[in-house]
Structures are given as structure tokens and as C-alpha cells.
Amino acid sequence: MIEKTKARIRVLDPHIANKIAAGEVIERPASVVKELVENALDAGAEHIEVFVEEGGSRLLRVVDDGIGMNADDLQLAFVPHATSKLADVEDLECIASLGFRGEALASIGSVAHARIVSRLRGEETGHALENHGGDVRGPHRAGAAPGTEVTVRNLFFNTPARRKFLRTPRTEFGHIEDAIARFALCFPEVGFRLLHDGREILHAPHGQSRTERLQAVLGKELGHSLLPVGANSPGGTLEGYLAPPSISRAHARDLHFFVNGRHIRDKILHRVVRQAYRDCLHHGRYPVVFLFFEIDPAQIDVNVHPTKSEIRWRDSSFLHRVVGPELTRTLRAADLAVGGEPGDHNERVREAVSDYFASSPGPSSQAVWPVQSWPAPAAGRPQVTAGDRIAEAAPGGTTPFSVFQVHDSYLVCEVEDGIAIVDQHALHERVQYDRILSKLTEGGVETQRLLVPEEVELTGTERGLIEEHTDLLKRCGLEWSPFGNSTVVLETMPAVIPRSHGGDLLRDLLELAAVRGEEADARTLFHRVADTMACKAAVRFGDRLSREEAAALLQESGALDRAFVCPHGRPTVLRLPFAQLEKHFGRR
Ligand code: ADP
Ligand code: MG
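Keep in mind that this is a model prediction, so the values were computed, not measured.

**Brief notes about the sheet that holds strand 19 (residues 447-457)**
- Reading across the sheet, the three strands line up as 19-21-20 and stay open at both edges, with antiparallel pairing between neighbours. Pairing within the sheet leaves two strands with one partner each, and these edge strands are strand 19 and strand 20 (479-482). Taking each pair of neighbouring strands and ignoring which way they run, the sheet shows an average axis angle of 20 degrees.
- By the bridge criterion, seven bridges tie strand 19 to strand 21 (residues 487-494) in an arrangement that is antiparallel. Bridging from a neighbouring strand, valine 456 pairs with valine 488 of strand 21.

Laid out in C-alpha cells, this is it:
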């Protein structure tokens, strides 16, 4: 038996208590930067400069031109739970500042060599104060510009365990850079400069608009493609920017939520955003979004996490009832075809398609899709081109709209303002996806009975799964019966899928059912099933389309809301407007 002597309970020495608190607040150099920049912003700074050496473990300095502190303020700056931002307990109910815990400077001072030099706005001189791992000296007079400069050297010099956990300077600096970029996005009017080992890494000038700032920080390509979204309710407003589905990530780190100037993680918002993108992103892909909320501080609780990176919503109905639907609407309305102006292109193509159908007997009749002259087929391609086949039936150029297939892969269409080129697989996949999804939700897809049932070999696990998911499979158009130990025969298939794909489809669906897990609801599963089936049901590159097929495809897609992105987020249509053609050919 191990002898254990009972230690007496005692109140911790403040030095130790601060170090423990620092463990929660200060995890790495980027945490110091975050706290110092928050203080600068709370002080009303217009310019904030951040100097970093060796990833921040050697030196971090944040210089601001905010309100500053006088000697009396400085006296308290390193004292734990000393803050100018909360006066009484009611204030905790509606926090409008970024800081409020009065913990950051005390924590930083206890694990580094920190020095604050500050001059209160309107005063003649400044003061300085040092804190070496809890040993405070000052304040004493010191020359200073108005504002505050905080320098932190040798972070974690007295907590070797922490220091060991630091990664390479490059990685630590990367965290700092991300933190500054987030502040810069959130406060476009404030100027930010970030330097690493003397090199300027980021410079976002003072007084920018949000869009200027997005472009300055994110780069032109992402910055330019973001779709603005807004929402309003008595309790709050949203100003948001959504990347189109053609830009996506394999991780969720680019879902950025800012609430009252605070970058937060939030499960509810995460879900609302994923939901809005669900129809246009492949599963396993995450969107890129920047949502800036201004919420009545009384409506949220920011005091739920030591680093203030989470909040609690007193009422999240604004998110579900207003924000979610607004995101969905924005994604739908956006013109996601390459080269279009937001909003108008979908409209115009759809109009062109419906005009055409209004003035013609419909796609199943003979006289459709006239084609003007078309160049000879490329060498090595089949004898009869799509152009020939379509031209056969041309009634003489009276219809306002024409289409032909090239290289058995693309449909080239005449649209009101120029030319549209359609990726036939991607567009058909989109059409099939919507159709299959609605059938699945309504009860089940249409089936074809197989005259010669198809035998499918399964693994032991798959054999187990198929028993378990008979109902689901039936809904998806697959009916089966046992045939020996590891083999089943498929008796029906979904009508839209070529029968050679039966075994594949069965295995894919079993895989989906297996990884579904408890948390995924039937709707989520149906989206995945529709995705899997649509890919198999869609015409491929190299499939020859008849005139009627091409017409039907364009007609059906024209009627759809989101025909211009495939379910995986790739565009399906490239538009070349006359303006662009004329520019290219030097006509204007
Ligand atoms: P908190 O921000 O939670 O109040 P801190 O420990 O970060 O706690 O800061 C303590 C106090 O020091 C602040 O409340 C503020 O009054 C003052 N202070 C800190 N940094 C600055 C700054 N850059 N400019 C002016 N005052 C500051
Ligand atoms: Mg603070």
C-alpha cells in the first residue's frame, strides 16, 4: 500500500494562481497577440502594428494609437481581475467590449517578460511598467507616443512544459497571421500591419470598406468571388460573404463566424451554413463563408469560455428562421456559371429556354434546334457529328435558339446574349440529383424489373448490411433475394440507372448505410444516396445525345433552381456573352 499523507488545503499563492489561469488563456504566442489586439481595439485604436520575432517566442510587440493609460491605470494593469470594462454584475449581461475578464495582462505577465508603455490621450508624458514572471516594477515616467505599446519577450520562460509544446516558429507565426487576418476582416476601418523578423507580412490600410478589406486579406480571387448576403431582425443584423460552391475545402476551418467583433466557433451556425450548402457541395467538402453579426449584447452570453471563443445564444431563432433561409436564397440566386454577372445570367438562360419552348411545339416533335453551318468533324471522331444529326431536322432557321453537341461531351447553345457551353455530364447529374432526391423523399424511385436478375457477390459485412437495410434499398429501387451464402440476385433496379451498374450501386448504397451512424437523419442519407445515384444515372462524356435528348436535358435544367452547379459544386455552364466575344475579336 502506498502511504498517502493528507495535504492541508490552502489558498494558492497569487503567482501560482496566475500561472494556472495563464494556462487557460495563453496557449501559444498567437493567444498573446489575440489578447493584446483585443485590448487595442477596445481602446479605440485606429492603427495597430504587430511585431513578431521567431514565431513570437522571442518577442511580440503590439503598438496601438488608442486611448492609452495613465499611471493610475497602469498600476492596475497586471493585477488579476482588474478591468475597466465591467463595473458591476449587470454589465456582465450585456458586454460590448472584447475583453471583460481582466485576466489577460495578468496571465501574460506571469509567464513572460512583459513591458507596457502607455500615454493617456491628452496627457503630456507616458509611463512604463514591467512584469517579469509575476514580479512587477513601476510605473515610472517614460517617453511615449499617445497610445499603448505592449512588449512580451521570452514567452513561457518559467513554464518549460509549455515551452516544449511550441511548434516551429513558422507554425507559431502561422497562427498569429491567421489571428490578425481575422481581426482585419472584422474591423475593416482599422489599419493593421504585421511584421515577422523585420519583414512585412500583412498590411491592411486604415479606413477600408468591408469589400476592400476582404480582397486585401483574402486575395483577389477569393475576395472577388464572394457572394454578399444580409439579414435583419430586431435583435440583430448579419453582413455575410459566401464563397460559391465551386470553391470548397476538405476541412471546416474556413467557416468564419464573427459576433460583435469576436471570432467564434458555433455549432448552431455551423449547422445552419452546412444546411444551406448541402445541395451544392459534395459530402466531405466544406464551404468558405464569412458571417459578421451585430447582435444586441443582451441576446448573447459571451462569458462561457476562457478564451472567449464561444458564445451562448439566448434565442437562436434568428439563425434558423432568418439567416438560414437567406443563405439558401443567396446561393440559389447567384449566378454560378463562369463569367456571368451575379443574378442575371440564370434568369436570361432560363428565359431564353422558356421563350423557345413557348414558341415551338416542344422537344419531342421533329422541328427543333436548327443549326447554322458547322465546321467539319475533327479527325478521328465519328463520321456523323452531332451537328449533322441536328441539322437533318432543321426547319429553316426560324427558331430563336439552337444547340448542338460537340465531341460527344459538350452542348453548345445559342442564348439571347451570346453562347453558352454546357458540360453534359455535370448538367445531367444536377437534373438527375434533383429528380432522384424528390422521388426518394416522396416514397421511392421508379424501378425497372430485370428480366434476367443480376447476381451480385458480397462480402460478409455487406451481406449483413443488406439484410438490415432492405427497406432503404427498396426505396432506392433495389429489390433483391438471397442466392447462396455470399451472393444475392437483384430483381429490380432504379429505372434511371443503366443495369450494368447494379452491383456497383448496391455496394455504394450499403457503404453509405454503414457509415450513416446514429447522428445522420434520413434526409442526410437521401442526399448522399441521390448523389451516388445521380452520378451513375447521368450521361457521361463520350455519350452521343440525340437532338431530343439534348433538348429535353436543357428544358428540364432550365426549369430548375440551381441548374448551373453540379451537385459537387462544379459549374455546369460557361457563358460567352457577346460583349466578351466582341472584345476578343476587336469589334469594339
Ligand atoms: P480586460 O481586457 O479583460 O479588461 P486585460 O488584462 O486584457 O483585461 O486588460 C486590463 C485592463 O488594462 C483593461 O481593462 C484596460 O483598462 C487596460 N488596457 C489593457 N490594454 C490596453 C490598451 N492597449 N490600451 C488601453 N488600455 C488598456
Ligand atoms: Mg483584454
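Here the narrative resumes.
**Quick look at the confidence of the model for the protein**
- Predicted confidence across the protein gives a mean pLDDT of 81, with 84% of residues reaching 70 or more.
- This stretch, residues 336-400, has a pLDDT under 50; its non-local contacts, to residues over four places away or in other chains, come to 122 contacts.

**Focus on the sheet that holds strand 7 (residues 191-196)**
- Pairing is mixed across the open sheet formed by eight strands, whose spatial order is 5-4-3-6-2-1-7-8. Edge positions in the sheet fall to strand 5 (135-142) and strand 8 (199-204), since each of these pairs with one other strand and no more. The mean inter-strand angle of the sheet, taken between neighbouring strand axes irrespective of direction, is 10 degrees.
- Inspection of the sheet shows strand 3 (residues 113-119) paired to strand 4 (residues 126-132) by six bridges, in the antiparallel sense. In the strand pairing of strand 4, isoleucine 116 is matched with leucine 129.

**Some words on the packing of helix 9 (residues 267-277) against helix 10 (residues 317-333)**
- Closest axis-to-axis distance for the helix 9/helix 10 pair is 9 Å, and the angle between their directions is 35 degrees. Between helix 9 and helix 10 lies a crossing whose hand is right-handed. Contact residues: helix 9 offers Ile268, Leu269, Val272, Val273, Ala276 and Tyr277, while helix 10 offers Leu319, His320, Val323, Gly324, Leu327, Thr328 and Leu331.
- Along the lines of polarity and charge, the residues of the contact of helix 9 with helix 10 split into ten nonpolar, three polar and no charged.

About the cut-offs
Just so you know, the residues in each chain are numbered from 1, in the order the chain's sequence is written. Throughout, the order in which chains and ligands are written sets their labels, letters from A for the former and numbers from 1 for the latter. Local features in a predicted model are, by the rule used here, given only for residues with pLDDT of at least 70; side-chain atom pairs are given and counted only at 80 or more, and totals for whole chains, interfaces and linings are based on all residues. Values reported for side chains reflect all heavy atoms of the structure, with hydrogen atoms and water molecules removed beforehand. Two strands qualify as a pair provided that DSSP identifies no fewer than 2 bridges between them. For the purposes of this entry, the term helix denotes a DSSP run of H or I that reaches at least four residues, the term strand denotes a run of E that reaches at least two, and both are numbered from the N terminus. Between N-to-C directions, angles span 0 to 180 degrees; the directions come from axes that are lines fitted to C-alpha atoms, helices contributing only their stretch in contact. Across the chain, each position has a pLDDT score giving the predictor's confidence in that residue, from 0 to 100. When checking whether two residues touch, look at their non-hydrogen atoms; a contact exists if any pair is within 4.5 Å. Definitions for this section: a left-handed crossing has its near helix turned counterclockwise from the far helix by less than a right angle. A right-handed crossing has that turn clockwise. Just so you know the grouping, Ala, Val, Leu, Ile, Met, Phe, Trp, Tyr, Cys and Pro go in nonpolar, Asp, Glu, Lys and Arg go in charged, and all remaining residues, Gly too, go in polar.

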